[in-house]
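Observations on the three-dimensional arrangement
For reference, the chains in residue letters:
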Amino acid sequence: MSARLLPKALYALAAGAALLLGLTAARADELVMVRSLQAFPETMLTLQEAIRRHGYVISRVQRVDVGLTRMGYKTDLYRVVFYGKPEEIRRLRRDYPDLIPYLPLKLSVFAENGQTLVVGVRPVALWAFFDHPELFDVFARWDRDLQSILDEVREAR
Amino acid sequence: MLTGVNAAMGRREYKQGMIFRALSSLSLAAFLVAGALVPAHAAPDGALLYARNCAACHGADGRGGVGVPLALPDFLATAPDEYLRKTIRLGRPGRVMPAFPHLSDAEVDAIVRHIRSFAPGVRPRRLPEGPVHGDPKRGAKLYARHCAACHGPDGEGGKGTGVTFSRPRDLPIIAPALNNPGFLAAASDAQIKATLMWGRKGTPMPSFLKQGLSERDIDDIVAFVRSFERRPHERRAALKDEPPVLVRESASDYAATVENVKQAVAGQNFRLIRVQPLEQGFFPEGEASRAETIVYFCNFNFLYKALAVDPRVGLFLPCRVTVVERGGKVLVMSINPKRLAALFNNEELDELCERMRGVYEAILEDSTL
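Fair warning: this is a prediction, and the values are worked out from it, not measured in the lab.

So, about the overall build of chain A. When helices and strands are counted, chain A shows five helices and five strands. When the helices and strands of chain A are listed from N to C terminus, the series reads α-β-α-β-α-β-α-β-β-α. Scored against the burial criterion, the 157 residues of chain A give a buried share of 60%. When contacts within chain A are restricted to residue pairs at least 6 apart in sequence, those whose partners lie at least 24 apart make up 66%. For chain A, the exposed area adds up to about 6500 Å²; of that, 57% sits on carbon and sulfur atoms.

Structure, rendered in structure tokens:
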């Protein structure tokens, strides 16, 4: 095979293999993960402000690292942020009880060498879990909001 | 028996379930494509695409994180563009590195150019085409002696991934899986050979020429690594057939069931963290509905190990069971960790999620009897 043709052939192969592997490899779009160039406390502030600005309430911040440290484990900073819109949470837990274990929404935040990572399940990934048509719109809206919140985190300096 | 919530409640039917499922995957695809689009006329911005898709794991400057470093001169010198492109497209199934099938060719190329910019002076070496010929049987023995300690006896890779969460680790960089279909599809024999000959400075991967192996030894090892391709790779597809929610109906009343859950949690050697209404934190005290009670719990030893396997496990935290009262029935519900595991592309995490599913089922079972 000539060197010119090779890349094209490789692409065809790669595309075919991607289809096959797609069954087993998680696609990049089911989880979101962003790196903030800010340190941990600043990232927590940026994130919480962005969440609130998008109309959500933060119901709790779970300090995972504190629990671990108290139990004698060495760990870096690690928090879980729970959030949602009160009336929406109320309506969804009432109308869609199967969604309850996934409520409220949450994001994990952890430190890495002076920078900070924020991870979440993409709300649209829940489409595969729940068949209710009304929830498609809800998940899509949450997803747009989450992308926009995380854009703020990624761009904060 | 586990039952669906709707079955347990006898309220709703999924008549059009299949249609919605099909629609949902279609619209998901459409949504993702739309979301990933850059205006068609503008040349894609590699730095931006990298920041959005890769930097979280590989570091803003390519120096590694949850993912391995990409900026190393020794890596970029032996990694052809096709290798980078295919690695992006295919990912590494089961090894955290996701597949990016939705990026356009131009976007993938822009990302590759951006990765090259991490080491501007380094051009990829011209590597010979075609297979490397060696004796895989002899290679297997050499592999066991020289490689298995880091890459695993069957090429399954080191425990954990990349450089990972900032805590003490045995190695600064975890050895990648060599039996991975994504890796084997992307890497040519010549590239694997070059990596073995020269090693990668700045990582634990040594040069095996310097370690005293001959070129023939190295060819034999390459032939052995290539033979991983012919072994069956475990399929993870079954995870996606798992139900997203575990649920059981309780034989006791609401208050007694909450108490039962607390006891069941202790019985599984988990520590109770908090018991609260689902709506707590969203409404003022007294206005939060009491129709659902969340019981949060944790096993710190288990958690510590899980964080070392994958720092993203925070998304499962803290462990939680919810007691729900609806229409005279009391249900005990939880997420299904095994279903969520499908989103993480990490085989090591799959095992932990399997165990967590067992714990949840035991708690649901014990608290509803």
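Turning our eyes to something else, we now look at the sheet that holds strand β1 (residues 245-249) of chain B. Strands belonging to one sheet form pairs held by backbone hydrogen bonds; the direction of such a pair is parallel or antiparallel. All names here are of chain B. Reading across the sheet, the five strands line up as β1-β5-β4-β3-β2 and stay open at both edges, with antiparallel pairing between neighbours. Each end of this open sheet is capped by a strand with a single partner; those strands are β1 and β2 (271-277). Across the sheet, the mean angle separating the axes of adjacent strands is 20° when strand polarity is ignored. The pairing of strand β3 (residues 292-298) with strand β4 (residues 319-326) spans six bridges and is antiparallel.

With that settled, consider the domain arrangement of chain B. Residues and elements named next belong to chain B. One can read the domain layout of chain B as domain 1 (44-232) and domain 2 (237-368). Distance between the C-alpha centres of domain 1 and domain 2: 38 Å. Counting residues at the interface gives 15 residues for domain 1, matched by twelve residues for domain 2. One can count zero salt bridges joining domain 1 with domain 2. Between domain 1 and domain 2 we count six residue pairs in polar contact (both at pLDDT 80 or more) in total. The class makeup of the residues in the side of domain 1 that touches domain 2 is six nonpolar, four polar and five charged.

This structure, assessed with the given rule, holds 19 aromatic pairs over all chains. Plain terms: the ring middles of A:Phe130 and A:Phe139 are 6.4 Å apart, the flat faces sit at 55° to each other, and that makes the pair tilted. For A:Phe139, a relative accessible area of 0% gives the class buried. Each member of the aromatic cluster is reached from another via a ring pair, and the members are A:Tyr102, A:Phe129, A:Phe130, A:Phe139 and A:Trp142. One residue, A:Lys85, lies across the ring of A:Tyr56, its end atom 4.7 Å from the ring centre. The ring of B:Phe283 has A:Arg90 lying over it, and the distance from NZ or CZ to the ring centre is 3.8 Å.

The next thing to look at is the packing of helix α14 (residues 300-309) of chain B against helix α16 (residues 347-368) of chain B. Residues and elements named next belong to chain B. Where α14 meets α16, the axes come as close as 9 Å, and the angle between the chain directions of the two elements is 155°. The pairing of α14 with α16 is recorded here as roughly antiparallel in orientation. Considering the relative orientation of α14 and α16, their crossing is left-handed. Contacts between α14 and α16 involve Phe302, Ala306 and Val309 from the first element and Glu348, Leu349, Leu352, Arg355 and Met356 from the second. Residues of the contact of α14 with α16, tallied by class, amount to six nonpolar, no polar and two charged.

What counts, and at which threshold
- Residues numbered from 1 in each chain as written.
- Chains lettered and ligands numbered in written order.
- Predicted model: local features only at pLDDT ≥ 70, side-chain atom pairs only at ≥ 80, totals over all residues.
- Heavy atoms only, no water.
- Helix = DSSP H or I, 4+ residues; strand = E, 2+ residues; numbered from the N terminus.
- Buried < 20%, exposed > 50% of the residue type's maximum accessible area, 1.4 Å probe, protein only.
- Contact = heavy atoms within 4.5 Å.
- Areas by Shrake-Rupley, 256 points an atom, 1.4 Å probe, with all protein chains shown as cover.
- Pairing = 2+ DSSP bridges.
- Axes fitted to C-alpha atoms, helices over the stretch in contact; angles between N-to-C directions.
- Domains from an automatic or database assignment.
- Salt bridge = Lys/Arg side-chain N within 4 Å of Asp/Glu carboxyl O.
- Polar contact = N/O pair within 3.5 Å; in protein donor to acceptor, adjacent residues only side chain to side chain.
- Nonpolar A, V, L, I, M, F, W, Y, C, P; charged D, E, K, R; others polar.
- Phe/Tyr/Trp six-rings, centres within 6.5 Å; stacked < 30°, edge-to-face > 60°.
- Lys NZ or Arg CZ within 6 Å of the ring centre and 35° of its normal.
- Parallel < 35°, antiparallel > 145°, perpendicular 65-115°, else oblique.
- Left-handed = near helix turned anticlockwise from the far one by under 90°.

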